[in-house]
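Overview (structure and organization)
Residues per chain, in single letters:
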Amino acid sequence: MDSNKKYWKGLEELNRTPEFVEKNKNEFAEPIPIEEVLSGSGLSAKTPRRDFLKALGFGVGAVTLAACQKVPVHKSIPYLIKPEEVTPGVANYYSSTYEGQAILVKTREGRPIKVEGNPNDVFSKGGLSAQAQASVLDLYDVNRLKDPKLKGSEAGWAEVDAYVMKELAAVAAAGKGIRLVTSTVYSPSTLAVIAEFIAKYPTTKHINYDAVSYTGIIQANQNSFGKAVLPHYNFDKADVIVSFGADFLGTWISGEEFTRQYVSNRNSKSLANKKMSRHIQFETGMSMTGTNADARITTKPSEIGVALINLYNAISGTTLPGSKATGSKKVDTAIQLAAKELVAAKGKALVVSGSNDVATQVLVNAINSLLGSYGTTIDLDNPSKQYAGNDAAFVEFVNEVKRGDVGAVFFLNANPAYDYYKNDEFKAALKNVRLTVSFADHDDETALLATVNAPNHHYLETWGDANAVEGYYTVVQPTINPVYNTRQAEHSLLVWMENPIKDYYTYVRKTWDAGLLAKGGLSGQKGWETLLQTGMVIAAPATAGAYSFSLDLAGVTQKILTQSKAVAADGDKFELQLYVSQAIGDGKRANNPWLQELPDPVSKVTWDNFAAMSISDMKKLKLEEGDVIKIEANGYSVELPVLAQPGQTQGTLSVAVGYGRTNAGPVGNNVGKNAFPFFSLSNGTFQTAAVASFKSAGYKSPLAQTQTHHSYEGRSVIREATFVEYKKNPAAGSGNEHGRKDYNAESLWDNHDRPVYDWVMAIDLNACTGCGACVVACSAENNIPVVGKDEVSRRREMHWIRIDRYYSYNDHGNSEEAVTKEKEIDKLENFDNVSVVHQPMLCQHCDHAPCETVCPVLATVHSSEGLNHMAYNRCVGTRYCANNCPFKVRRFNWFNYWNDARFDNYLQGEHTQLVLNPDVVTRFRGVMEKCSMCIQRIQAGKLKAKIEKRPLKDGEIKMACQQTCSANAIVFGNRNDPNSEVSKALASERTYYVLEELNVQPGIGYQTKVRNIIETEAQA
């Protein structure tokens, strides 16, 4: 690509601000606080040993001594009668389900410690999201409700049952309505329980309510084709994808499945066949999907509907009534180009929209019908069942409650007191209800208003099933006995309706024996046991049909234009766009510290939400990053810090929902601000765009970002090429266009012998989407502590793998020239049109490791299998190794996170340490740590092969980061095996090594990023 391309992590690095230069001049932001470490340790007295250490310049050695204080002795109690299935030191795996996706749960000595994707899962192929990886930590949350409650006081289950049954009888006798408010239920057994409950109490209605709604798509399909379904999209069958604000690689519907599909047309295998899909993204704020697009066009919320009308006109050759230009020449031009590409790919094209407006989605249906997408890239006959919420039905429910028509309400996995857009109105209305029951396992915002709290099990303690996609059935089985005195919600309903089956396991068996087992060709006890082993049943899918669109679009167009006008800002107002955070989602998991500390894929902000604004607007308004502004829209206001976001559409603000919880728990309480009340109701659906005004709040609130904590000082680490260049020369952009340069030809280092194994890794930058699931998977596998917002702000995060996000644009000017006003304007426009590359960065396990030569105590050494090891007990915390590491991947333990009260947001709970992996030692204060390449997994794989008296198979050992990756961007294996997948990947012409010119001989190779962009885009 253009040699003038400039890469940068953040504005402070690009502009070389004094603060950035000062922070990065030294390796560490702060010196080791020796006096603080020694204070109270019994070592603070002036002793000859301390003076000796100081004299030698190894005062940091005292850190190690301070970490070796006496600890209480805990006596272990052996099994009196050992469970047959438990062998100490050997993990057991159970199949289960997380939010409709088949998973495997790793247990050690009866306690779940890790969640993995099920490799037999037809949709994710073993990939798993960050939220699913972090879900195991919630099991041990000491803030879960430990007993049921009645009117705010702890009570026994018998007392609660008697009260609820008496109240239900009174409500039924009075003829009042009973409502079951749940997030979308797609469990066949749960739906059967609800149906029986409704039969017992006929005034009951079941209301599906999703905080993040897809009602617009479902209702549009009902209007267009008579099928009220959420389609199953096939991104792998699309040669051209055009998205209007749909973050389909992130939080839109099914990110893990869509990621696997999307990458299959863009990864190494696809490129080797000279095939690559084309992706065009129209969006307001920079989303994770937008960062991966080939072409990204900044678009205001008010322009998206108009742009879709123009796209329809361009494809159909007609002009819909009321058609007009968007007002953005760039958007209008891009629409015409996108239309030509879509028509050329007819039958293999896909248009999606993230809008929840019914009329907008009807128009999207019309466009896809013209393109022949139904039956190929869109499947209405095997739909997704994960989101069936009906916005209008929930609004009517609130009105019923206000009128006093409802006598009893049950809340299951729903928290409208927090995430309903008029939550104050809802809370006031709920006072009119005689019986309110919450099944929440925490005292969340809605549970606090309930008469009865009947805490539900964690999903790892339950029996159940799921049917997330038509024909795809999974089982949920418990992996541990209930940690607290909780009870499954379905069990409670069975008791309260006086059903003769009060054991929910028996009820689930009954459901499966009645026909679900037969869908997979199974039957009886043997079939049930097979199900528990495989975790799923897949019925033969229905044939995806082609659907023709025949609605009159005149009225649809008018509704779209009206909606666009309603969110169009004028004067000094801005258009506000609300989006879902990749880590926190809708806020249900706000009390999970792994997720709070996971950097946002784009902004790299942790522990907060913020108002993203374009750099141009911030300069005009003289705002600085971290300045707090008060945003007002739809009669609601919040104060949020502003973030300068490259790629943000001018005249807009973007804010994440899911934050601002007040009753999530000590981790999530008051982290960020609640943006759900900015929603509005229009034409029966919740809308995520609004007109907003704002003013300075007069103070700052610094954001904890991780991206610019380390710098390569301008050295090139990212390599790119266009698809056109790649087809001419597969080595394009990699630096190997004329063959590989041997930087080791004149080395002073001796090469290491690798007699049997040479463990290496390959990472495909074209597959990595930047989701961060690998970061959480690594934390769970390797007992990596959470440090909190304050410590992250001090550049002390502990993650062993990070996802570096690089912005870039073409710099056509001479950096030595004085910047004129015209060039400054051009630079601001560049910020609006940046491209992004994500790069996973971890210890490179260099053959010529610069960390090893400077360690005074040989704490970091090289193995005969190509790995860089850490002997924690030797480390005295000099940090020389981190200073000498060009990749900045080593972490220093500033605190003893495991038993320091300042970190009670993580592992200070009574049960929380049960999540620790016993195969990985916890590190103590004063030592360095970094990626070990999951050495425990390597050793376990080698041992298994040895016991079975066979060679180790390629792919048998997977790293935690590799195993969770939905995109299969990471490959690990033995380079000594020429037929291994990693050997083939590293032999690719696209492979390069970061900072290979330093001749540190990294053990991780990267494949060049390839973008499918046209020539005019490359020149822009």
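For the structure given in this document, a descriptive report is provided here. Every value quoted in this text rests on a predicted model; they were computed, and no experiment measured them.

Definitions and limits used
Going along each chain's sequence as written, the residues are numbered from 1 onward. The model is predicted, so local features are restricted to residues of pLDDT at least 70 and side-chain atom pairs to those at 80 or more, both for listing and for counting; the totals for chains, interfaces and linings are taken over all residues. Water and hydrogen atoms were dropped before computing side-chain values, which therefore reflect all heavy atoms in the structure. The axes used here are C-alpha line fits, helices contributing only the stretch in contact, and every angle between their N-to-C directions lies in the interval 0 to 180 degrees. Only DSSP runs of H or I covering at least 4 residues are called helices, and only runs of E covering at least 2 are called strands; the numbering of each starts at the N terminus. By definition in this entry, angles of less than 35 degrees are roughly parallel, angles greater than 145 are roughly antiparallel, angles of 65 to 115 are roughly perpendicular, and the rest are oblique. Left-handed is the label given to a crossing in which the near helix is rotated counterclockwise from the far helix by less than a right angle, and right-handed is the label when the rotation is clockwise. When checking whether two residues touch, look at their non-hydrogen atoms; a contact exists if any pair is within 4.5 Å. Three categories are distinguished: nonpolar for Ala, Val, Leu, Ile, Met, Phe, Trp, Tyr, Cys and Pro, charged for Asp, Glu, Lys and Arg, and polar for the others, with Gly belonging to the last. For two strands to be treated as a pair, DSSP must find at least two bridges joining them. Only protein chains enter the calculation, and the probe is 1.4 Å; a residue is then buried if its accessible area is under 20% of its type maximum, exposed if over 50%, and partly exposed in between. Salt bridge, as applied in this entry: a Lys or Arg side-chain nitrogen positioned within 4 Å of an Asp or Glu carboxyl oxygen.

1. Points about the packing of helix α13 (residues 301-316) against helix α15 (residues 358-370)
Two elements in contact, α13 and α15, have axes separated by 10 Å at closest approach and are oriented at 20°. On the basis of their axis angle, the class for α13 and α15 is roughly parallel. In this structure, α13 crosses over α15, and the sense of that crossing is left-handed. Side by side, α13 and α15 meet where Leu308, Ile309, Leu311, Tyr312, Ile315 and Ser316 of the first sit next to Thr360, Leu363, Val364, Ala366, Ile367 and Leu370 of the second. Looking at side-chain class alone, the contact of α13 with α15 contains 10 nonpolar, 2 polar and no charged residues.

2. Things to note about the sheet that holds strand β4 (residues 111-117)
Judged by pairing direction, the sheet is antiparallel, and its 3 strands sit side by side in the order β2-β3-β4 without closing on themselves. Two strands lie at the open edges of the sheet, namely β2 (92-98) and β4, each paired on one side alone. Shown here is a sheet whose adjacent strand axes are inclined to one another by a mean of 35°, direction ignored. Two strands pair when backbone bridges link them, and β2 and strand β3 (residues 101-108) are joined in this way by 7 bridges, in the antiparallel orientation. Within β3, the residue paired with Tyr94 across the bridge is Val105. Helix-sheet contacts for helix α6 (residues 130-139) involve β2 and β4, and the interaxial angle to β4 is about 170°.

3. Some points on the environment of Tyr312
Note on placement: Tyr312 falls in helix α13. The class for Tyr312 is buried, based on a relative accessible area of 13%. Each C-alpha atom of the pair Tyr312 and Leu370 lies 8.7 Å from the other, and the pair is 58 residues apart in sequence.

4. Here we look at the sheet that holds strand β23 (residues 611-613)
Hydrogen bonds between backbone atoms are what pair the strands of a sheet, whose relative direction is either parallel or antiparallel. Spatially, 6 strands are ordered β21-β26-β23-β25-β24-β29 in a closed barrel, and the strand pairing comes out mixed. Going across the sheet, the axis of each strand differs from the next one's by a mean of 45°, ignoring polarity. Examined bridge by bridge, β23 and strand β25 (residues 636-644) share 3 bridges and lie parallel to one another. Each residue of the ladder has a partner; that of Ala611, found in β25, is Val642.

5. Focus on the pattern of salt bridges
Considering all chains together, one arrives at 42 salt bridges under this definition. The partner of Glu498 in a salt bridge is Lys200, and the shortest N-O contact between them spans 3.7 Å. Within this pair, whereas Glu498 is found in the loop between α19 (489-496) and α20 (504-519), its partner Lys200 is found in helix α8 (residues 188-200), the two being separated by 298 residues in sequence. A salt bridge links Arg990 to Asp764, with the nearest nitrogen and oxygen atoms 2.8 Å apart. Note that Arg990 is positioned in the loop between α33 (981-986) and β40 (991-992) and Asp764 in strand β32 (residues 759-764), a separation of 226 residues in sequence.

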